[in-house]
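Survey of secondary and tertiary structure
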Amino acid sequence: MWRASILTLYPEMFPGPLGVSLSGEALATGTWALDVSNIRDFGQGRHRSVDDTPAGGGPGMVIRADVLAQAIDALGDDGRPRLLMSPRGLPLQQAHVRALAAGDGAVIVCGRFEGVDQRVIEARGLTEVSIGDYVLSGGELGAMVLIDACVRLLPGVMGGATSGDEESFENGLLEYPHYTRPLTFEDRAIPDILRSGHHKNIAAWRRSEAEALTRERRPDLWAAYEARQPPPKKKRR
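So, here's what we can say about the structure. Computed from a predicted model, the values in this text were never measured in an experiment. (Residues numbered from 1 in each chain as written. Predicted model: local features only at pLDDT ≥ 70, side-chain atom pairs only at ≥ 80, totals over all residues. Heavy atoms only, no water.)

Some words on the overall build of the protein
Quick note on the threshold: Each helix corresponds to a stretch of at least 4 residues labelled H or I by DSSP, and each strand to a stretch of at least 2 residues labelled E; elements are numbered beginning at the N terminus. Accessibility here uses a 1.4 Å probe with only protein chains present; expressed as a share of the type maximum, an area under 20% marks a residue as buried, one over 50% as exposed, and anything in between as partly exposed. Contacts are residue-level and defined by heavy atoms, with any inter-residue pair within 4.5 Å sufficient. What sets the accessible areas is the Shrake-Rupley method with a 1.4 Å probe; for residues, cover comes only from the shown protein chains. Within this scheme the basic residues Lys and Arg register as positive and the acidic residues Asp and Glu register as negative, but His and the chain ends are omitted. Here the site of a charge means atom NZ of a Lys, CZ of an Arg, CG of an Asp or CD of a Glu.
Looking only at helices and strands, one finds seven helices and ten strands in the protein. Going through the 237 residues of the protein one by one, you find that 36% of them count as buried. Put simply, of all contacts in the protein between residues at least 6 apart along the chain, 74% involve residues at least 24 apart. Carbon and sulfur atoms form 51% of the exposed surface of the protein, whose accessible area is close to 14,500 Å². Side-chain charges in the protein split into 28 positive and 31 negative, and the spacing between the mean points of these groups amounts to 8 Å.

Below, the structure written as structure tokens:
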């Protein structure tokens, strides 16, 4: 069973949106498991303090290394990757999601305040992961994004085995446009090619649309995609 273990100061936030739709159904049927630990249970003193002022001065507070280390150690080490949701982490990409989904799950630390003491990141082998170039109040929403992205790839969650094969990022491109009934909506008709029944031509149209969207909206992805394409065959004279 794929298992997500969350370390957070706000356990009441979970399962949140993970408890509905595909991830919620899979959670209810035991396809994956979620356990949530409160970092404050390992806090110091009568007030269960988990943070302190930054060494060297500066604004905000920092989660203490000793407190977080105890919380992590209480889970034991079963070989699952240990992740820290952080805006300075490596960007979460679909290839990383697929690798995580193929494993046994993950231990996910949700940061708060100004951050986490660097020493516990190093001592407990935390891999910092970011879901985008912006800053949230804490790592909980990022953890939910990561878990949802993984759970939907677990066997049986999306139904058909190939349901995710043509989605955005799976082949280095953004996904092509989708259409359904009615055939005409506010003078906008479904493209004729999609009504032709010619599967080869439809596939070619979808690839062309995906390439055009990627080229327009994500030049970074387009450059990487182009670099992976084989060189054109030389014509024989």
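Back to the text.
Section: the sheet that holds strand E5 (residues 82-91)
Sheet strands pair by backbone hydrogen bonding; their relative direction is either parallel or antiparallel. Let me state the cut-off plainly: When DSSP finds two or more bridges between two strands, those strands count as paired. Under this scheme, a helix contributes an axis fitted over its contacting stretch, all axes are lines through C-alpha atoms, and angles between N-to-C directions fall in the 0 to 180 degree range.
In spatial order, the strands read E2-E1-E6-E5-E8; together these five strands make up an open sheet with parallel pairing. Edge positions in the sheet fall to strand E2 (32-38) and strand E8 (127-130), since each of these pairs with one other strand and no more. The average angle at which neighbouring strand axes cross in this sheet is 35°, direction not considered. In terms of strand pairing, strand E1 (residues 2-8) meets strand E6 (residues 105-110) through five bridges, oriented parallel. The partner of Ile-6 across the bridge, within E6, is Ile-108.

What about helix H6 (residues 199-217)?
Keep this limit in mind: Given the number of residues in a helix, its expected span is that number minus one, multiplied by 1.5 Å. What the arc measures is the spread of directions leading from the helix axis to the C-beta atoms.
Taking 1.5 Å of rise per residue, 19 residues should cover 27 Å, and H6 covers 27 Å from first to last C-alpha, within 8% of that figure. Along H6, the residues that are buried comprise Ile-202, Trp-205, Ala-210, Leu-213 and Thr-214. The arc enclosing the buried residues of H6, seen along the axis, measures out at 165°, which places them on a common side.

Describing the side chain of Asp-117
Let me state the cut-off plainly: For this analysis, a polar contact is any N or O atom pair within 3.5 Å, provided that within protein one partner can donate a hydrogen and the other can accept it, and provided that sequence-adjacent residues contribute only side-chain to side-chain pairs.
Here Asp-117 lies in the loop between strand E7 (115-116) and helix H4 (118-123). Within polar-contact distance, the side chain of Asp-117 engages the side chain of Arg-119 at 2.7 Å. When neighbours within four sequence positions are excluded, Asp-117 is seen to be in contact with Val-62, Ile-63, Arg-64 and Ala-65.

Some points on the layout of surface pockets
Short version of the rule: The way it works is a 1 Å grid over only the protein atoms, where trapped points that fit a 1.4 Å probe form a cavity and open points with protein on both sides within 12 Å along at least five of seven lines form a pocket, and then any residue with an atom within 4 Å of a point lines it. Grid points are joined across faces, edges and corners, and a volume is the space filled by probe spheres set on the points. Only Asp, Glu, Lys and Arg are considered charged, only Ala, Val, Leu, Ile, Met, Phe, Trp, Tyr, Cys and Pro nonpolar, and every remaining residue, Gly among them, polar.
In this structure, the largest pocket spans a volume of roughly 690 Å³. Around the largest pocket sit 36 residues that line it, and Arg-112, Phe-113, Glu-114, Gly-115 and Val-116 are the ones nearest its centre. When contributions to the lining of the largest pocket are tallied by element, the ones reaching two or more residues are strand E4 (62-63), helix H2 (65-73), E5, E7, H4 and E8. Considering each element in turn, the lining of the largest pocket owes the most residues, five residues, to E5. Grouping the amino acids of the lining of the largest pocket by side-chain chemistry returns 16 nonpolar, eleven polar and nine charged. A volume near 410 Å³ is recorded for the second largest pocket.

A look at the pattern of salt bridges
Operational definition: Between Lys or Arg on one side and Asp or Glu on the other, a salt bridge is scored when a side-chain nitrogen of the former is within 4 Å of a carboxyl oxygen of the latter.
For the structure on display, the rule yields ten salt bridges. As a salt-bridge pair, Arg-119 and Asp-117 come within 2.7 Å of each other at their nearest N and O atoms. What makes Arg-119 exposed here is its relative accessible area of 58%. Asp-117 sits in the buried class, given a relative accessible area of 16%. The network of salt bridges with shared partners includes Arg-3, Asp-35, Asp-78 and Arg-80.

So, the nonpolar core
Selection criterion: By nonpolar core is meant a set of buried Ala, Val, Leu, Ile, Met, Phe, Trp, Tyr and Cys residues that side-chain atoms within 4.5 Å join together.
Trp-2, Trp-32, Ile-108, Leu-146, Ile-147 and Val-151 are the most contacted members of the largest nonpolar core, which totals 26 residues. Secondary structure elements with two or more residues in this core: E1, E5, helix H3 (94-101), E6 and helix H5 (140-151). Broken down by element, the residue count for this core peaks at seven residues, all from H5. Counting residues in each nonpolar core, the second largest holds 18 residues, with Ile-39, Ile-63, Leu-68 and Leu-126 among its members.

Remarks on the environment of Val-62
Examined against the element boundaries, Val-62 turns out to sit in strand E4. Separated by 17 residues in the primary sequence, Val-62 and Gly-79 place their C-alpha atoms 27 Å from one another. Non-local contacts of Val-62, meaning those with residues more than four positions away in its chain, are made with Val-50, Asp-51, Asp-52, Pro-54, Glu-114, Gly-115, Val-116 and Asp-117.

Considering the packing of aromatic side chains
Where we set the bar: The rule is short: rings of Phe, Tyr and Trp, with Trp giving its six-membered ring, pair when the centres are within 6.5 Å, and they are stacked under 30 degrees, edge-to-face over 60, tilted in between. Geometrically, a charge over a ring is one whose NZ (Lys) or CZ (Arg) sits within 6 Å of the ring centre while staying within 35 degrees of the ring normal.
All told, the structure shown has two aromatic pairs when counted by the stated rule. The ring of Trp-222 is capped by Arg-215, whose NZ or CZ atom sits 5.0 Å from the centre of that ring.

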